[in-house]
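Residues per chain are reported as follows:
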Amino acid sequence: MGSKRTSRRELLKGGAALAGGFTLGAVAPALGQTPASGQAPAHDHPMIKGSKELIAYGERSRFVTSVRIAHPIGGRPSPDAFGKVFHVATPLQDSVGVITPSSLHYVATTRGSFMPDIDPKQHTLMIHGLVDRPLTFTMEDLKRLPSVTRLHFIECAGNRHNARQTNVQETHGMASCAEWTGVLLSTLLKECGVKGSATWFVAEGAEEVKGASSMPVAKAMDDVLVAYGMNGEPVRPQNGFPLRLVVPGFEGIFSTKYVRRVKLVDRYYLNYNDFGHLDEDAKVAALDYQIGPKSVITYPSGGQQLPGRGFYEISGLAWSGGGAIRTVEVSTDGGRKWNRAEFKGTPQRMAFTRFGYGWNWDGNETEILSRCTDEIGQAQPTREQVAKYWNVPFERNYRVPGLDNSVMPWRIARDGSVTNGLA
Amino acid sequence: MGSLRLLALVLLLGSTAFAQSAPTYGIGRTPTAEEVRALDISIGPTGEELPPGRGTVKQGAELYKQKGCAVCHGANGIGGPAPALKSKAGAEVPIWERERILPLRAPFATTVWDYINRGMPLGKEGTLTADEVYSLTAYLLFINQVIQEDEVLDRQSLPKVKMPIGSDYASLPDWKPKTRRLKDYPY
C-alpha cells in the first residue's frame, strides 16, 4: 500500500512521461485528460512532501482519525492524573480485516500501571520450579529457537455489553487480534524438562505490580506462545515489550505482559490475579476462564448512519476461545430469520474471523444481529438463552455469568441511525 | 544377540529419558541459586518460598500509618479511594455475602503476603522488608478478626493461618485442549 502511494506521488512529481513506464494504471487517465499541447493536468489534491521522518517511519492519513478510548465510559480514566494506564478499548467500528493495528490494540493492566521501559538487552525469562534444568533465556536466546507466527485474539474479562453503551468500541472494544511471533512455551519447557509432579505454572511480569497468574501445564504444552513479535515488528511497550505470553482463548489477564519468569508448581498458586478469579460457584469459575464463542457486527454498528435504503454488506468479527469459528449467521429482522454469513479468509484457531453478509435495506426500522458456533460445537447464545440455562427469570439488565459472549443487537431506525439494541 | 543387546540399550535409554529429559537445543543458561531466590516471589499456599522474618499486629498497625497505607485505604482499612481492607460485617455473615476483601476472602494468608510484597506500597513496590510484610499481613488479618492481636507471623505460622473461607470456594476445571469451557454448557 505504502509503495503504491509513493509511486503515485513520484509520478505526479516527476511527470507522466518519466513514470509512465512504471505505472500504467496511473498514467492512463492522465493521458486521456492531456490536451494535444502535452500539458499535464492540475493536481487534484494538495501534495505531501516527503520528510526524513516520513521516509523513516510512515504515518496514516490525516483523514483517518480512529482512536482508542478509556474503558468503560465513566470508569477509571486512562491515563489517570499520574500517567497510569488501566483499560483502553480499540475502535472496532473502524476495523477492516482481522488484524488490529498495534497502535490501536486494546490495553489493560493488572491494576492501573505505568508502562515499564525495558531494555531488551537486560531482559530475561527464567523458567524454574519443578523442572529438571532451570534455565534463563535472553532475548537473543529466544530468537535462536524455532519460532511460530500465529493470529490470536486477546480479550479482557471486562469486555461486556450493556444497555448504556452507544457503540461497538464501548461494547466490544476490549478485544483485539494480532499476528504474534515467538517461541512456543512448550519448546522452552521441553528444554527445561518438566517434572511429572508439575500440574500448574505461574507466569509473572516485570511491571511494578509483577502481575502473576496460575495456569494449567496442559495449556502450556498445548499452545501458549512466548511472543516477541506483533504484527511484523517487536511487541510494543503497551502490549508487553519485549516479551509477553499469549495464552490463546483464555481471558486476557493470563497473557502475561513483560513476562520475566515462569515457575512450574504442583498446585494452583492463588496469587493476586488468581484471587480475582475466585468464585463460589464452580460453573461460574469455569466460565470466567476460557472464552466462549462470540461475534459482533461492526458495520453497521452503534453511532453509525446509513445514508439511505439499498445495498450494504454487513460486516463483523467472530472469535472463540474453544478453537476456530465454524459458522456465523446474521439476522436482519430482529432474530426471526438467520442467514449464513460468508467468511473473509479461513478461520484460524482462537483468532478473529471477519464475516460479511449482503443485505438490501428496505428503509424500515429493524434490528440486526450475528451469532456464531465454533469447531468444538459451542454456540453463541442470546441473553434469554443464558438466563434459561441458569433457570432465572430474564430481565432487561440480565448479567451473563462468566465472560459475556451473548448476542449483540443493533437497531436501525427509519432515518438510518444505528443504536444499541439492548437500550 | 546383538539386537537383544540393542533392545536393552534402547530400554535403558528410554527409561532414563523418562526420569530425566534431555535438552534439544542446549540454549539458555542455568540461573544461580541466588538468582532464583531473588526472583522467586510467588508465594504458594504451602509458603515454601517465604523468606525468614517475623511480624506482629502492633508493628503492622504502626507501619500501616508510616508507609502511607492509610492515605489510600483509609485510617482503619475503610473509607479510602483504594480497595477496602476491613470488612464492615461480622463473622456471623457468610463469607460470600461479605465484601470482596483480600485479607478476609483469600483462601490462604500467603496470598495476602504475596500481594503486599509484590505490589505495595503503590509507586514504591519492592521497598518493604520481609519483617514489614509479615507485620502488615498480621495487622490486616487482625482487623478482619482472622487472627488474634498477640499472634506472631513468620514463615512457619503464616501458611497455617485458618482463613474464614475454609474450602468454600470453587476449584477450576481440569483443562484439556479442544474441550468445552463448561461440560454440558452449550454456549
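To start, this report covers the structure provided alongside it. Small disclaimer: the values here were computed from a predicted structure and weren't measured. Per chain, residues are indexed from 1 in the order of the written sequence. Chain labels run from A onward and ligand labels from 1 onward, assigned in the order the entries are written. Per-residue local features are limited, in this predicted model, to residues with pLDDT of at least 70; the limit for side-chain atom pairs, both in listing and counting, is 80 or more; totals at the level of whole chains, interfaces and linings are taken over all residues.

1. As for the overall build of chain A
Phase 1 of the analysis: Numbered from the N terminus, helices here are DSSP runs of H or I no shorter than four residues, and strands are runs of E no shorter than two. Across its full length, chain A holds 11 helices and 22 strands.
Phase 2 of the analysis: On C-alpha atoms alone, chain A measures out to a radius of gyration of 24 Å, which is about the 22 Å that the 2.2 N^0.38 rule sets for 423 residues.
Phase 3 of the analysis: Judged by the C-alpha coordinates and their principal axes, chain A covers about 85 × 55 × 45 Å.
Phase 4 of the analysis: To assign burial, the other C-beta atoms lying within 10 Å of each residue's own C-beta are counted, with C-beta atoms placed from the backbone; 20 or more indicates buried, 12 or fewer indicates exposed, and intermediate counts indicate partly exposed. The proportion of buried residues among the 423 residues of chain A is 47%.
Phase 5 of the analysis: Taking as baseline every contact in chain A between residues at least 6 positions apart, the subset at least 24 positions apart corresponds to 70%. Put simply, the radius of gyration uses C-alpha atoms, and a globule should come to 2.2 Å times the residue count raised to 0.38. Residues are defined as contacting one another if the C-beta atoms placed from their backbone atoms lie within 7 Å.

2. Regarding the interface of chain B and chain A
Phase 1 of the analysis: On the side of chain A, 57 residues touch chain B, which itself brings 44 residues to the contact.
Phase 2 of the analysis: Elements supplying a minimum of two residues to the side of chain B that touches chain A: α2 (33–39), α5 (102–105) and α6 (109–119) of chain B.
Phase 3 of the analysis: A breakdown of the residues in the side of chain B that touches chain A according to their chemical character gives 24 nonpolar, 10 polar and 10 charged. Residues are grouped as follows: Ala, Val, Leu, Ile, Met, Phe, Trp, Tyr, Cys and Pro are nonpolar; Asp, Glu, Lys and Arg are charged; every other residue, Gly included, is polar.

3. Describing the sheet that holds strand β20 (residues 366–374) of chain A
Phase 1 of the analysis: At least two bridges found by DSSP between two strands is the condition for calling them paired. With antiparallel pairing, 5 strands are arranged side by side in an open sheet as β17-β16-β20-β21-β22 (chain A). Across the chains shown, the open sheet's two edge strands, defined by having one partner strand only, are β17 (339–340) and β22 (418–420) of chain A.

4. A short note on the sheet that holds strand β5 (residues 135–138) of chain A
Residues and elements named next belong to chain A.
Phase 1 of the analysis: Read across the sheet, 5 strands follow the order β5-β4-β13-β8-β9 without closing on themselves; strand pairing throughout is mixed. Two strands bound the open sheet, and with one partner strand each, they are β5 and β9 (212–216). Between one strand axis and the next, the sheet turns through 15° on average, direction left out of account.
Phase 2 of the analysis: Here 6 bridges tie strand β8 (residues 200–205) to strand β13 (residues 259–265), and the two strands are oriented antiparallel to one another. Pairing of Glu204 across the sheet is with Arg261, part of β13. The axes are straight lines fitted to the C-alpha atoms, using for helices just the contacting stretch, and the angles between their N-to-C directions are given from 0 to 180°.

5. A short note on the packing of helix α3 (residues 57–66) of chain B against helix α7 (residues 130–143) of chain B
All names here are of chain B.
Phase 1 of the analysis: Remark: α3 packs on α7, axes separated minimally by 7 Å, with the N-to-C direction vectors making an angle of 95°. Judged on the interaxial angle alone, α7 and α3 are roughly perpendicular. Listed contacts from α7 to Val57, Gln59, Gly60, Ala61, Leu63 and Tyr64 of α3 are Glu132, Ser135, Leu136, Ala138, Tyr139 and Phe142.
Phase 2 of the analysis: Residues of the contact of α3 with α7, tallied by class, amount to 8 nonpolar, 3 polar and 1 charged. Angles are sorted into four bins: roughly parallel if under 35 degrees, roughly antiparallel if over 145, roughly perpendicular if 65 to 115, and oblique for all others.

6. Brief notes about unusual backbone geometry
Phase 1 of the analysis: The omega angle of the peptide bond from His71(A) to Pro72(A) is -10°, so this bond is cis rather than trans.
Phase 2 of the analysis: Among the secondary structure elements, Pro72(A) is positioned in the loop between β1 (69–70) and β2 (85–89).
Phase 3 of the analysis: The omega torsion across Tyr299(A) and Pro300(A) is -5°, close enough to zero to call that bond cis.
Phase 4 of the analysis: Within the fold, Pro300(A) resides in the loop between β14 (294–299) and β15 (310–319).
Phase 5 of the analysis: For Met350(A), which is not glycine, the phi dihedral falls at a positive 50°.
Phase 6 of the analysis: One non-glycine residue, Lys178(B), lies in positive phi territory at about 55°.
Phase 7 of the analysis: Looking at the secondary structure, you find Lys178(B) in the segment after β2 (152–154).
Phase 8 of the analysis: For Lys178(B), a count of 11 C-beta atoms within 10 Å translates into the label exposed.

7. Focus: helix α7 (residues 185–192) of chain A
All names here are of chain A.
Phase 1 of the analysis: Looking at α7, one finds that the buried residues are Leu185, Leu188, Leu189, Glu191 and Cys192. End-on view of α7: buried residues confined to an arc of 155°, all on one side of the axis.
Phase 2 of the analysis: In this structure, the buried residues of α7 make contact with β4 (124–129), β5, β7 (175–184), α8 (217–222) and β10 (225–230).
Phase 3 of the analysis: Just downstream of α7, Gly193 is the residue with a positive phi angle, here 75°. Working definition: the arc comes from the directions between the helix axis and the C-beta atoms, pointing outward to the latter.

8. Concerning the environment of Tyr64(B)
Residue and element names in this part refer to chain B.
Phase 1 of the analysis: Within the secondary structure, Tyr64 sits in helix α3.
Phase 2 of the analysis: Note on Tyr64: 21 C-beta atoms within 10 Å, which makes it buried.
Phase 3 of the analysis: With 93 residues separating them in the primary sequence, Tyr64 and Ser157 have C-alpha atoms 21 Å apart.
Phase 4 of the analysis: Contacts of Tyr64, omitting those with residues within four sequence positions, involve Cys69, Ala70, Leu136 and Tyr139.

9. Here we look at the nonpolar core
Phase 1 of the analysis: In these notes, a nonpolar core means any group of buried Ala, Val, Leu, Ile, Met, Phe, Trp, Tyr and Cys residues linked to one another through C-beta atoms within 7 Å. In this structure, Ile127(A), Phe201(A), Leu225(A), Val226(A) and Leu141(B) are the most contacted members of the largest nonpolar core, which totals 125 residues.
Phase 2 of the analysis: Ranked by residue count, the leading element in this core is α7(B), at 9 residues.
Phase 3 of the analysis: Here the limits of each domain have been adopted from an automatic or database domain assignment. Both of domain 2 (60–278) and domain 3 (294–420) of chain A provide at least three residues apiece to this core.
Phase 4 of the analysis: Discounting residues that sit within four places of it in the chain, Leu225(A) has contacts with Val148(A), Arg150(A), Trp180(A), Gly182(A), Leu184(A), Leu185(A), Leu245(A) and Val246(A).

10. Considering the pairing of β14(A)
Residues and elements named next belong to chain A.
Phase 1 of the analysis: Buried residues dominate β14, accounting for 6 of its 6 residues.
Phase 2 of the analysis: Bridge analysis of β14 against β15 gives 5 bridges, and the strand direction is antiparallel. In the strand pairing of β15, Ile297 is matched with Gly316.

Coordinates in, geometry out; function isn't part of it.
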